Amino acid sequence: MTDIQLTESQQAAISALMHDEGVIPPPLALARSAYLPNDGVERDRAQRDPDGFWAEQAELVDWVEPYTRVSEFNPPDHAWFLGGKLNASANCLDRHVHGDRRNQAALIWIGEDGEEHTYTYARLYREVNRFANALKRLGVGKGDRVVVYMPLVAEGIITMLACARIGAVHSVVYAGMGTQALASRIADSGARVVVCSDYTYRRGRRIPLKPTVDEAVRDDPQVQWVVVHRRGSRPGDEPVSFESEREVDFYDIQEPREIHCPPEPMDAEDPLFILYTSGTTGKPKGVVHATGGYMVGVTFLARAFYQIGDRDIYWSTSDIGWIVGHSFIVYGPLSIGATVLVREGVPDYPTADVTWELCERFGVNVMFTAPTAVRMWMSHGPDAPSRYDLSRLRLVACAGEPLNPEAHRWAQEYLVGQSGGMVVDNWWQTEVAGPVLGTLPTFEARPGKVGKPMPGVVADVVDREGRSLPPGQGGLLVLRRPLPYMLRTVWGDHSRYARYWEQIPGVYAAGDIAVRDSDGYFAVLGRADDVMNVAGHRIGTADVEGSLVRHKAVGEAAVIGLPDPVKGERIKAFVVLRKGVEPGPGLIASLKDHVRQDLGPIAQPSEIEVRDSLPKTRSGKIVRRYLKAVEMGEDPGDLSTLAD
Ligand code: AMP
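Only a predicted model underlies this, so the values are computations on that prediction, with no experimental measurement involved. (Residues numbered from 1 in each chain as written. Predicted model: local features only at pLDDT ≥ 70, side-chain atom pairs only at ≥ 80, totals over all residues. Heavy atoms only, no water.)

Draft legend 1. Focus on the domain arrangement of the protein. By domain assignment, the protein separates into domain 1 (8–86 + 277–306 + 345–526), domain 2 (122–264) and domain 3 (531–632). For domain 2 and domain 3, the distance between their C-alpha centroids amounts to 32 Å. Both faces considered, domain 2 and domain 3 share a buried interface measuring about 480 Å² in area, 52% of it formed by carbon and sulfur atoms. Taken together, the links from domain 2 to domain 3 amount to 0 salt bridges. Where domain 2 touches domain 3, the interface holds 5 residue pairs in polar contact (both at pLDDT 80 or more). (Domains from an automatic or database assignment. Buried area = accessible area lost by both parts, 1.4 Å probe. Salt bridge = Lys/Arg side-chain N within 4 Å of Asp/Glu carboxyl O. Polar contact = N/O pair within 3.5 Å; in protein donor to acceptor, adjacent residues only side chain to side chain.)

Here it is, written out as structure tokens:
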């Protein structure tokens with residue numbers, strides 16, 4: 001079968017999108033100052049001479065040794081800037097410290113309660129170098145993996161840059177993940193050092209992180225050091241005490257005067273980091289990004305897509321635990337030399353207006369956020385942002401999940417209306433570390449559609465045989481050519497990486513369903529595989545099912561994503577209980593809590609239904625498609641493969 005089976009709701013979404021939804025013209029001022037003044041020309045040029053195009057962008061980065069060749073592509077493998085040497089932390093720090101951005105703010109950190117700390121480029125340089133030297137003393141060297149389990153604190157960013165400085169490969173695990181998720185990532189990466197914070201703060205509550213780490217490393221003999229960033233900054237906060245010899249304090253291991261640590265010259269193809277993401281099996285995928293192509297990609301995109309200048313205040317509401325945090329909290333904007341605002345906490349606490357209050361206070365120019373956050377702000381009343389001075393906010397970029405037209409228009413009116421700026425959608429994923437499709441401020445936005453391929457991107461919508469589909473027909477989103485800012489492998493499992501290029505031979509299958517209009521604007525409708533998107537976070541159905549069946553009451557589990565007005569999708573689970581277990585509200589609560597402890601709050605099902613059996617194929621595979629269609633009152637389609 002070559003056809004892509006679309007659900008009724010996807011079909012309905014396509015027909016709605018193909019009718020003119022109205023366009024938002026690009027603001028003249030933005031278009032005039034754009035990094036790529038004529039993206040059409042750039043796209044043609046990149047198409048004709050991709051290596052020439054990327055060679056030009058590579059000049060945005062400082063190289064220790066020049067590369068000898070721009071790219072090499074033997075599917076599924078690709079390599080960029082061959083022979084070149086560079087260091088990512090030197091690009092984010094040294095070149096600014098040795099220039100006129102030395103005393104400019106690199107980071108402005110704000111706590112949920114308003115606590116504020118500023119790090120100039122010179123200070124950030126010293127902090128990173130001190131911690132890099134401390135890591136070296138713990139025996140961390142080039143190629144070693146370091147797992148980072150920290151919330152959005154400056155020390156988290158310092159840890160990432162310190163690893164990059166000495167050539168260690170960081171693997172940040174989102175600090176909301178549970179014990180099982182953390183333990184499996186530590187084990188898979190083979191990290192001998194874990195750096196964590198003792199607490200995070202959320203909605204005024206102090207949330208301990210260390211017990212999760214203690215539990216995750218308890219039976220892991222490979223972990224030699226647990227470095228703990230002890231906060232205890234608020235009255236009544238007791239810093240945690242240490243439980244074993246392998247635990248050390250983040251600051252105690254640093255020497256105040258050791259403010260220089262030479263940056264390790266890294267080969268362009270050396271890994272910079274591993275970031276785990278959900279796939280269709282319960283085993284997390286360690287996506288590996290390479291130093292050279294990644295740094296060129298994110299520096300270029302920070303300028304060309306997000307339009308961040310070195311005098312700008314830039315704020316991303318994401319977290320270092322996600323790819324957005326890597327590319328567009330840390331490496332991209334710091335490479336440019338911008339001032340990055342980082343705030344720990346949720347965007348509607350202590351008040352629903354806190355985001356706008358901070359935008360006004362700091363004069364934020366460019367903001368990155370998620371469609372979920374926009375919908376949440378909308379639900380707090382239409383015009384809260386109008387009570388604040390947002391006249392400097394000229395660009396709001398949204399990514400991570402579909403941005404529905406209503407939310408797009410609301411943001412255009414209330415968030416950038418004062419500045420005459422623009423809201424831009426952009427599509428990418430952990431595997432591709434920056435925008436691939438998007439609306440550049442030089443062309444009109446079409447709400448509901450992401451935009452066009454970025455220069456250098458050759459994207460297509462195809463059937464299962466890889467044949468291009470005409471406009472208006474939904475299919476698989478693929479890339480026909482690799483990009484420098486794309487993953488090189490899956491950590492420890494190159495064959496799993498190869499599958500991205502093998503589902504349709506020779507092209508990269510992103511795992512999403514997309515459609516395009518006759519002008520080449522793409523819309524991305526959702527995942528084609530068993531992965532859900534909850535509030536912009538990719539969660540594998542298999543991860544949640546795996547967690548449920550680890551509970552002693554559960555025999556079998558099936559998990560689906562259902563539409564949710566704010567989060568995009570919410571998780572519903574169906575479970576078959578083991579013999580002799582009685583269902584009841586206490587049990588459901590304990591199952592939800594179990595998933596929360598195991599994987600973290602974002603993976604907790606909002607609903608769990610007990611069933612006598614689950615729909616399966618004759619070969620025993622659970623048919624989630626059937627469960628979903630029934631839940632949504634849609635036609636479940638062909639049932640001939642069902643066993644029962
Ligand atoms: P992650 O790797 O966790 O960042 O998730 C990436 C996935 O989020 C993509 O494969 C898409 O399914 C979805 N996604 C990201 N950006 C967009 C967007 N602008 N529109 C629609 N879906 C998106």
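Once the structure has been displayed, the description carries forward.
Draft legend 2. Just the side chain of Thr200, in detail. On the secondary structure map, Thr200 appears in strand 9 (residues 199–202). With a relative accessible area of 11%, Thr200 lands in the buried category. For Thr200, the side chain forms a polar contact with the side chain of Glu344, separated by 2.7 Å. Ignoring any residue separated from it by four or fewer positions in sequence, one finds Thr200 in contact with Pro151, Arg205, Arg206, Ile207, Leu209, Arg231 and Glu344. (Helix = DSSP H or I, 4+ residues; strand = E, 2+ residues; numbered from the N terminus. Buried < 20%, exposed > 50% of the residue type's maximum accessible area, 1.4 Å probe, protein only. Contact = heavy atoms within 4.5 Å.)

Draft legend 3. Here's a closer look at the site of the ligand. In the vicinity of the ligand, 15 residues are found, and the nearest of them are Asp425, Asn426, Thr430, Asp512 and Arg538. For the ligand, an oxygen atom lies 2.6 Å from a polar atom in the side chain of Thr430. With the chains in place, 94% of the 500 Å² that the ligand exposes on its own is no longer accessible. When residues of the shell around the ligand are traced back to their parent elements, those giving at least two are strand 20 (422–429) and strand 27 (522–527). It is strand 20 that provides the largest number of residues to the shell around the ligand, a total of 5 residues. Per-class residue counts for the shell around the ligand are 5 nonpolar, 5 polar and 5 charged. (Near = heavy atom within 4 Å. Areas by Shrake-Rupley, 256 points an atom, 1.4 Å probe, with all protein chains shown as cover. Nonpolar A, V, L, I, M, F, W, Y, C, P; charged D, E, K, R; others polar.)

Draft legend 4. Layout of the nonpolar core. The biggest cluster of nonpolar side chains holds 120 residues, and the ones touching the most others in it are Trp54, Leu124, Phe131, Leu161, Tyr331, Leu334 and Val436. In terms of residue count, helix 7 (residues 154–166) provides more of this core than any other element does, 9 residues in total. Split by domain, this core shows at least three residues from each of two domains, domain 1 (8–86 + 277–306 + 345–526) and domain 2 (122–264). Formed by 43 residues, the second largest nonpolar core is a distinct cluster that contains Val217, Val559, Ile571 and Val575. (Core = buried A, V, L, I, M, F, W, Y, C linked by side-chain atoms within 4.5 Å.)

Draft legend 5. Molecular detail of helix 9 (residues 210–217). Most of helix 9 is tucked away: 6 of the 8 residues are buried. Listed in full, the buried residues belonging to helix 9 are Lys210, Thr212, Val213, Asp214, Ala216 and Val217. Against strand 6 (145–149), helix 8 (179–189), strand 8 (193–197), strand 10 (205–208), strand 11 (225–229) and strand 12 (247–249) lie the buried residues of helix 9.

Draft legend 6. Inspection of the packing of aromatic side chains at higher detail. Considering all chains together, one arrives at 27 aromatic pairs under this definition. Where Tyr35 meets Phe300, the ring centres are 6.2 Å apart and the plane angle is 65°; that geometry is what we call edge-to-face. Of the two residues, Tyr35 sits in the loop between helix 2 (28–32) and helix 3 (39–48) while Phe300 sits in helix 10 (residues 291–304), which places them 265 residues apart along the sequence. According to the relative accessible area criterion, Phe300 is buried, its value standing at 0%. Ring geometry for Phe53 against Trp54: centres 5.1 Å apart, planes inclined by 80°, an arrangement best described as edge-to-face. A single burial state applies to Phe53 and to Trp54, both of which are buried. Counting every residue linked through ring pairs, the aromatic cluster contains Tyr35, Phe53, Trp54, Trp63, Tyr67, Trp80, Phe81, Phe300 and Tyr485. Looking at Arg123, its charged tip hangs above the ring of Tyr119, at a distance of 4.0 Å from the centre. Taking the ring centre of Phe242 as reference, the NZ or CZ of Arg230 above it sits at 4.0 Å. (Phe/Tyr/Trp six-rings, centres within 6.5 Å; stacked < 30°, edge-to-face > 60°. Lys NZ or Arg CZ within 6 Å of the ring centre and 35° of its normal.)

Draft legend 7. Inspection of the environment of Leu642 at higher detail. Here Leu642 lies in the segment after helix 18 (624–631). Note: C-alpha distance between Leu642 and Lys136 (506 residues apart in sequence) is 57 Å. Once residues lying within four places of it in the same chain are set aside, the contact partners of Leu642 are Pro615, Lys616, Thr617, Arg618, Val623 and Tyr626.

Draft legend 8. Summary view of the sheet that holds strand 26 (residues 508–516). Read across the open sheet, the 4 strands follow the order 23-24-26-27; overall the sheet is antiparallel. At either margin of the open sheet sits one strand with a lone partner, and together these are strand 23 (459–462) and strand 27. Neighbour-to-neighbour, the strand axes of this sheet turn through a mean angle of 45°, independent of strand direction. As paired strands, strand 24 (residues 475–479) and strand 26 are joined by 4 bridges and run antiparallel to one another. (Pairing = 2+ DSSP bridges. Axes fitted to C-alpha atoms, helices over the stretch in contact; angles between N-to-C directions.)

Draft legend 9. Inspection of the sheet that holds strand 19 (residues 395–398) at higher detail. Taking strand neighbours across the sheet as the criterion, the 9 strands line up as 5-4-17-16-18-19-20-21-22 in an open arrangement whose pairing is mixed. In this open sheet, the two strands that pair with only one neighbour each are strand 5 (116–120) and strand 22 (452–453). Where strand 19 and strand 20 come together, 4 bridges link them in parallel fashion. Across the sheet, the residue bridging to Val396 is Val423, located in strand 20.

Draft legend 10. Highlighting the packing of helix 10 against helix 11 (residues 323–336). At their nearest, the axes of helix 10 and helix 11 sit 8 Å apart, and the two run at 80° to each other. If you check the angle between helix 10 and helix 11, you find them roughly perpendicular. In this structure, helix 10 contributes Tyr294, Met295, Val298, Thr299, Leu301, Ala302 and Arg303 to the contact, and helix 11 contributes His326, Ser327, Phe328, Tyr331, Gly332, Pro333, Ser335 and Ile336. Grouping the amino acids of the contact of helix 10 with helix 11 by side-chain chemistry returns 9 nonpolar, 5 polar and 1 charged. (Parallel < 35°, antiparallel > 145°, perpendicular 65-115°, else oblique.)

Draft legend 11. How the structure looks around the packing of helix 16 (residues 541–550) against helix 17 (residues 585–599). It is the contact of helix 16 with helix 17, at a shortest axis distance of 9 Å, that shows an interaxial angle of 120°. Taken as axis vectors, helix 16 and helix 17 run oblique relative to one another. For the element pair helix 16 and helix 17, the recorded crossing hand is right-handed. Mapping the contact onto sequence places Asp543, Val544, Ser547, Leu548 and Arg550 in helix 16 and Leu591, His594, Val595, Asp598 and Leu599 in helix 17. Across the contact of helix 16 with helix 17, the residue classes break down as 5 nonpolar, 2 polar and 3 charged. (Left-handed = near helix turned anticlockwise from the far one by under 90°.)

Draft legend 12. Local environment of unusual backbone geometry. Note that the residue after Pro75, namely Pro76, is joined by a cis bond; omega there is 5°. The topology assignment puts Pro76 in the loop between strand 1 (69–74) and strand 2 (77–82). Following Tyr349, the chain continues into Pro350 via a peptide bond in cis, with omega recorded as 5°. Within the secondary structure, Pro350 is located in the loop between strand 17 (339–343) and helix 12 (354–362). Positioned with a positive phi, Phe81 is a non-glycine residue whose angle comes to about 55°.

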